[in-house]
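Report on the structure
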Amino acid sequence: MSNAALVDLLREATRVVGFTGAGVSTESGIPDFRSPGGVWSRFDPLDFTFSRYVGSAEVRARSWEMRREFFATPFEPNPAHHAFAALEAAGRCRGVVTQNIDGLHQAAGSREVVELHGTATEVMCIGHAPAMGTPDGCGFRQTNAWALAQVDAGDPDPACPLCGGLVKSATVSFEQVLFPGVVERAYGLAATCDLMIAAGSSLQVYPAAGLPEVAVGHGARLVIVNDEETPLDDLATVVVRGNAGETLGPAVAEVLGNGRAARLG
Ligand SMILES: [Zn+2]
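Computed from a prediction, not measured in an experiment: that's the story for all the values here.

The rules we used
- Residues numbered from 1 in each chain as written.
- Predicted model: local features only at pLDDT ≥ 70, side-chain atom pairs only at ≥ 80, totals over all residues.
- Heavy atoms only, no water.
- Buried < 20%, exposed > 50% of the residue type's maximum accessible area, 1.4 Å probe, protein only.
- Helix = DSSP H or I, 4+ residues; strand = E, 2+ residues; numbered from the N terminus.
- Polar contact = N/O pair within 3.5 Å; in protein donor to acceptor, adjacent residues only side chain to side chain.
- Pairing = 2+ DSSP bridges.
- Axes fitted to C-alpha atoms, helices over the stretch in contact; angles between N-to-C directions.
- Contact = heavy atoms within 4.5 Å.
- UniProt positions renumbered as here; feature names shortened; annotations may be inferred.
- Donors = N, O, S within 2.8 Å, 3.2 Å for Na, K, Ca; no water.
- Tetrahedral: all angles 85-135°; square planar, octahedral: opposite > 155°, others 65-115°.

**Digging into helix H6 (residues 79-89)**
Taking burial as the measure, the 11 residues of H6 include nine buried ones, the bulk of the element. Among the residues of H6, Ala80, His81, His82, Ala83, Phe84, Ala85, Ala86, Leu87 and Glu88 are the ones counted as buried. Residue Asn78 occupies the N-cap position of H6, its side-chain oxygen lying 2.8 Å from the main-chain nitrogen of Ala80. Where H6 ends, the next residue or the one after it, Gly91, has phi of about 80°, a positive value.

Shown next, in the form of structure tokens:
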């Protein structure tokens, strides 16, 4: 059964913006740093800081093995991803800002997606000796599958085919600065929505945690769906303690009608 207060807010909203965190990915079976077992029992994310990556071919080779293991299980979008995509297709959602790097919002059909921490589905040139956590590449980008194919062909540390620089997953690693313009795009969306739905984020890390504050400051209402308390719960019109997919899927299906509900619950 869908949450009645959430359904009421969705019915009144014409400019929804989603904000999603790790909880929305883990509902698709993607391990986060806190998940027991899986990829993070074999790889320590702290080994892959930006400076260690730049400084060590061995770290880069290990990083490609980590990416390979990360994508070894095929992940599918869950009803939370489909809910935002369905709202956007219906002209009622301006976009999604996400802390996740798995590309599942796009896989669900969302077109306007702001990836605060980049994407693991692509790789990019970061230049020959980038410093201060700042990529300094030539603009080369390819798929993650391209990089793994180079590794399979015998090169454990593939270089940029255009300039010979280092190639790295197009994610924001520890110590790495955020990509230019991304925070501005995210805050721009937050400032123009009439309903922000923050799902699966503990809302504790800035600048991400500032998005709901920007939205509410510009007159939007706020829904928080998360399995535990967040510091911004008092700011929200509706707080749902629980699973994002099980909460958003049925609510959006009810608002948009059964024709769009196929993958929402
Ligand atoms: Zn390059």
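**What about the sheet that holds strand S1 (residues 16-20)?**
In space, the six strands of this open sheet follow the order S3-S2-S1-S7-S8-S9, with parallel pairing throughout. Each having just a single partner strand, strand S3 (113-115) and strand S9 (238-241) make up the two edges of the open sheet. In this sheet, adjacent strand axes meet at a mean angle of 15° when their direction is disregarded. Taken strand by strand, H6 contacts S1, strand S2 (93-98) and strand S7 (195-199), and its axis lies near 150° from that of S2.

**Digging into the environment of Gly219**
Here Gly219 shows up in the loop between helix H10 (210-217) and strand S8 (221-226). On the basis of relative accessible area, Gly219 is assigned to the exposed category, the value being 63%. Residues Gly219 and Gly95, 124 residues apart in the sequence, show an inter-C-alpha distance of 18 Å.

**So, the UniProt feature "active site" (unreviewed entry) in the chain**
Mapped onto this numbering, the UniProt entry annotates "active site" (unreviewed entry) at His117. Here His117 lies in the loop between S3 and strand S4 (118-127). Separated by 3.2 Å, the side chain of His117 and the backbone oxygen of Gln99 make a polar contact.

**Details of the coordination of the zinc ion**
In the first shell of the zinc ion, the protein supplies Cys125 (SG), Cys138 (SG), Cys160 (SG) and Cys163 (SG), at 2.2 to 2.4 Å from the metal. Considering all four donor atoms around the zinc ion, the spread of angles at the metal, 100 to 115°, places the coordination shape in the tetrahedral class. For the zinc ion, the single-chain donor residues occur in sequence as C-x12-C-x21-C-x2-C. Of this pair, Cys125 sits in strand S4 while Cys160 sits in the loop between helix H8 (144-152) and strand S6 (166-171), and the two are 35 residues apart along the sequence. Note on accessibility: Cys125 and Cys160 belong to one class, buried.

**Observations concerning H8**
Because the α-helix completes a turn every 3.6 residues, residues three or four places apart line up on one side. Looking only at H8, the buried set comprises Asn144, Trp146, Ala147, Leu148 and Val151. Those residues of H8 hidden inside the fold are in contact with helix H5 (57-70), S4, strand S5 (141-143) and S6. Of the residues trailing H8, Gly154 is marked for its positive phi of about 110°.

**Here's the deal with the side chain of Ser173**
Among the secondary structure elements, Ser173 is positioned in the loop between S6 and helix H9 (182-192). Of the residues examined, Ser173 reaches a relative accessible area of 15% and is grouped as buried. Apart from residues no more than four positions distant in its own chain, Ser173 is found in contact with Phe48, Phe50 and Lys168.

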